[in-house]
Amino acid sequence: MQFENSLVFAKQLDEKNPLKDFRNAFIIPSVNGKEQIYFLGNSLGLQPKKTKDEINKILEQWASYGVEGFFMGSDPWLDYHDRLRKPLSEIVGALPHEITVMNQLTVNLHLMMVSFYELKGKRNKILCEAKAFPSDQYMFETHLRHYGLNSDEILIEVKPGEGENKIYTEDILAAIEKNQDELALVLFSGINYYNGQVFDIKTITEAAHDAGIKAGFDLAHAAGNIPLQLHDWDVDFACWCSYKYLNSGPGAIAGVFIHERFHYDKNINRFAGWWGYDKTTRFKMEKGFKPIPTAEGWQLSTPSLLLYASHKAALDVFEEAGWNNILEKQKLLTDYLWFMLDDVNQSLAEKLIEFITPRKAEERGCQVSLLMLQKGREVFDALSKAGVMVDWREPNVIRLAPVPLYNQFEEVWQFANILRQILKAEK
Ligand SMILES: Cc1ncc(COP(=O)(O)O)c(C=O)c1O
């Protein structure tokens, strides 16, 4: 499509888009009576209007039935989980029984390490990206220490190309090949949190499997953002949080994918709890752990129904909007953002912004990370003052992510023009 830098054009894109009314399904924060331009869906997605109602339904059921709420009422809590797995299976490209919703992301990464990091002879290394999200790094460090291992010796980090921000797939594949006799696991993110680079999950998984190594992914920035086909790509496991693109609220309950080939594997290690026990006999309270033969077999504890409810409210919006429509708008909205940012860059006498997110469409999702070459913090502060919510990462990066469910083309246009004015004023 031939884009234009004009408010009329941006408004036309909004008007024509099949998702134009979905902004109304969300509460948009305001400052001084004016709606913010909220481009922080990569950090905490906005609240769907129906979240309160879904949470209230749980409170009412609790009030009416007490513990019997698990079995009674219009939505017995015991089966509530199924209502989450179905929409999630479409979003991450899995079979519903390959998904479970439990705990939070870092907890789940530890749990998956228990199952998928197998120490076999000299095979004890883990391949990951350099500068993975800090929680993943702390997870590795402390998990490995628990086995008496030193993360500095175990982790093989793949770095960006010389003088670049992007990690090349070829370098990941070469690292797998080079270290295959020592690798026990490949654990990458789906999208790097800092520069928004999308990794080629399918190719990485294939290469790991060809070398007899398992491959898992942290999809915090990928779930609900980009197309995923976890089952078809043969990924072994994946974990994600639900408070970013999945709009399920701060500290929302997280998701896990475990490929079905592991569901009946009696030899796989896991940390178990009664909520992962065979559903038909769970309440017999017998000795000896018998896992549910689905990803639910990895559950440990009684889930928070309040967190389930806010997750359901958000996933209902995804179902109503249609995942393919969301992906189509994501592409158009992000393309428009890049077009407008190029337009800003070209209108400046000198270069003030460098993109550290890859430009190729298949290597980026909603997020764009801007390396600010001068006065980055001042620019960020001025954007906040103008009601544009983006985020700041040390030492000089502004990250922003317009999302298709509630952001508009008009907001992208406005943001770019506010940024242009600020950059000219800061000179
Ligand atoms: C890539 C990545 N991994 C892990 C985490 C930590 O998630 P949690 O706090 O839900 O455990 C985050 C949080 O933003 C993240 O972006």
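One can find the structure itself at the top, above this paragraph.
Since the structure is predicted, the reported quantities are computational estimates derived from the model, not experimental observations. Going along each chain's sequence as written, the residues are numbered from 1 onward. The model is predicted, so local features are restricted to residues of pLDDT at least 70 and side-chain atom pairs to those at 80 or more, both for listing and for counting; the totals for chains, interfaces and linings are taken over all residues. Based on all heavy atoms of the structure, the side-chain values leave hydrogens and waters out of the count.

Undergrad: Outline the overall build of the protein, supporting the account with residue identities and numerical values.
TA: Numbering goes from the N terminus for both helices and strands, where a helix is a DSSP run of H or I of at least four residues and a strand is a run of E of at least two. Regarding its fold elements, the protein presents 12 helices and 17 strands. Computed over the C-alpha atoms, the radius of gyration of the protein is 23 Å, within 12% of the 22 Å expected from 2.2 N^0.38 for a compact globule of 427 residues. Principal-axis analysis of the C-alpha atoms places the extent of the protein at approximately 70 × 60 × 35 Å. When burial is assessed residue by residue, the protein has 56% of its 427 residues classed as buried. Considering only contacts within the protein whose residues lie at least 6 apart along the sequence, 70% involve residues at least 24 apart. Values of accessible area rely on a 1.4 Å probe in the Shrake-Rupley scheme; residue burial ignores everything except the protein chains shown. Surface summary for the protein: the accessible area is close to 19,000 Å², and the carbon and sulfur share equals 51%. Charge centroids of the protein, computed over 47 positive and 58 negative side chains, lie 2 Å from each other. Restricting the calculation to C-alpha atoms gives the radius of gyration, and the globule rule supplies 2.2 Å times the number of residues raised to the power 0.38. Throughout, exposure labels follow a simple rule: accessible area from a 1.4 Å probe, protein chains only, divided by the maximum for the residue type, with under 20% read as buried, over 50% as exposed, and the rest as partly exposed. Any two residues whose heavy atoms approach within 4.5 Å at even a single point are treated as in contact. In summary, the charge assignment counts Lys and Arg as positive and Asp and Glu as negative, without counting His or the chain termini. Where a charge lies is defined by one atom per residue type: Lys uses NZ, Arg uses CZ, Asp uses CG and Glu uses CD.

Undergrad: For the site of the ligand, give the residues involved together with the corresponding values.
TA: Inspection of the region around the ligand gives Leu105, Thr106, Phe133, Ser135, Asp136, Asp218, Ala220, His221, Tyr243 and Lys244 as its neighbouring residues. In protein, a polar contact means a hydrogen-donor-capable atom and an acceptor-capable atom, both N or O and within 3.5 Å, with residues adjacent in sequence counting only if both atoms are side-chain atoms; elsewhere, any N or O pair within 3.5 Å suffices. With respect to the ligand, the side chain of Asp136 contributes an N or O atom lying 3.0 Å from a nitrogen atom. Between an oxygen atom of the ligand and a side-chain N or O atom of His221, the distance comes to 2.9 Å. Among the elements of the structure, α4 (105-116) and α5 (134-146) are those that each provide at least two residues to the shell around the ligand. Only a single heavy atom is needed: when it lies within 4 Å of a molecule or strand, its residue is near that molecule or strand.

Undergrad: Summarise the nonpolar core; cite the residues concerned and give the values.
TA: Ranked by size, the top nonpolar core spans 69 residues in total, and within it Leu127, Ile176 and Trp240 carry the most contacts. Nonpolar cores were defined as sets of buried Ala, Val, Leu, Ile, Met, Phe, Trp, Tyr and Cys residues, with membership established by side-chain atoms within 4.5 Å. In terms of nonpolar packing, the next biggest core, distinct from the first, is built from 37 residues, Ala10, Ile37, Met372 and Val412 among them.

Undergrad: Tell me about a nonpolar patch on the surface, residues and numbers included.
TA: A surface patch of nonpolar side chains, amounting to about 610 Å² of accessible area, comprises Tyr65, Phe71, Met72, Trp274, Phe283 and Met285. One can find Tyr65 in helix α2 (residues 51-65). Using a relative accessible area of 34% as the deciding quantity, one classes Tyr65 as partly exposed. In this scheme, patches are assembled from residues that exceed 30% relative accessible area and form no salt bridge. Like charges are connected within 9 Å, while nonpolar side chains (Val, Leu, Ile, Met, Phe, Trp, Tyr) are connected within 5 Å. In what follows, salt bridge is the name for a side-chain nitrogen of Lys or Arg lying within 4 Å of a carboxyl oxygen of Asp or Glu.

Undergrad: Residues and numbers for the sheet that holds strand β8 (residues 155-158), please.
TA: Strand-to-strand pairing in sheets goes through backbone hydrogen bonds, with the strands running parallel or antiparallel. Read across the open sheet, the seven strands follow the order β6-β12-β11-β10-β9-β7-β8; overall the sheet is mixed. This sheet does not close on itself; its edge strands, each paired only once, are β6 (99-101) and β8. Across the sheet, the axes of successive neighbouring strands diverge by a mean angle of 20°, strand direction being ignored. Should DSSP find at least two bridges between two strands, the strands are taken to pair. Looking at chain direction, strand β7 (residues 125-129) and strand β9 (residues 183-189) are connected through three bridges and run parallel. Pairing of Leu127 across the sheet is with Val186, part of β9. Here helix α8 (residues 201-210) sits on the sheet and contacts β9 and β10 (214-218); the angle it forms with β10, its principal contact strand, is near 150°. The axes are straight lines fitted to the C-alpha atoms, using for helices just the contacting stretch, and the angles between their N-to-C directions are given from 0 to 180°.

Undergrad: Which residues make up the sheet that holds strand β17 (residues 397-400), and what values go with them?
TA: Strands sit in the order β13-β14-β17-β16 across an open sheet of four strands; the sheet is antiparallel. In this open sheet, the two strands that pair with only one neighbour each are β13 (353-355) and β16 (391-393). Along the sheet, successive strands turn relative to each other by an average axial angle of 30°, direction set aside. Strands β13, β14 (368-372) and β17 of the sheet are contacted by helix α10 (residues 323-347), whose axis makes an angle of about 145° with β13.

Undergrad: Which residues make up empty space enclosed by the protein, and what values do they have?
TA: With a 1 Å grid spanning the protein atoms alone, the term cavity applies to any set of points in which a 1.4 Å probe fits but cannot get out, the term pocket to an open set with protein on both sides within 12 Å along at least five of seven lines, and the term lining residue to any residue with an atom within 4 Å of a point. Grid points are joined across faces, edges and corners, and a volume is the space filled by probe spheres set on the points. Scanning the model with the defined rule gives five cavities of 30 Å³ or more in all. When its volume is computed, the largest cavity comes out at roughly 120 Å³. Taken together, 14 residues make up the lining of the largest cavity; nearest its centre are Leu78, His81, Trp275, Gln299 and Tyr308. Each pocket or cavity is described by its volume, and for the second largest cavity that value is around 70 Å³. Nonpolar residues are Ala, Val, Leu, Ile, Met, Phe, Trp, Tyr, Cys and Pro. Charged residues are Asp, Glu, Lys and Arg, and all others, Gly as well, are polar. Partitioning the lining of the second largest cavity into residue classes produces seven nonpolar, four polar and one charged.

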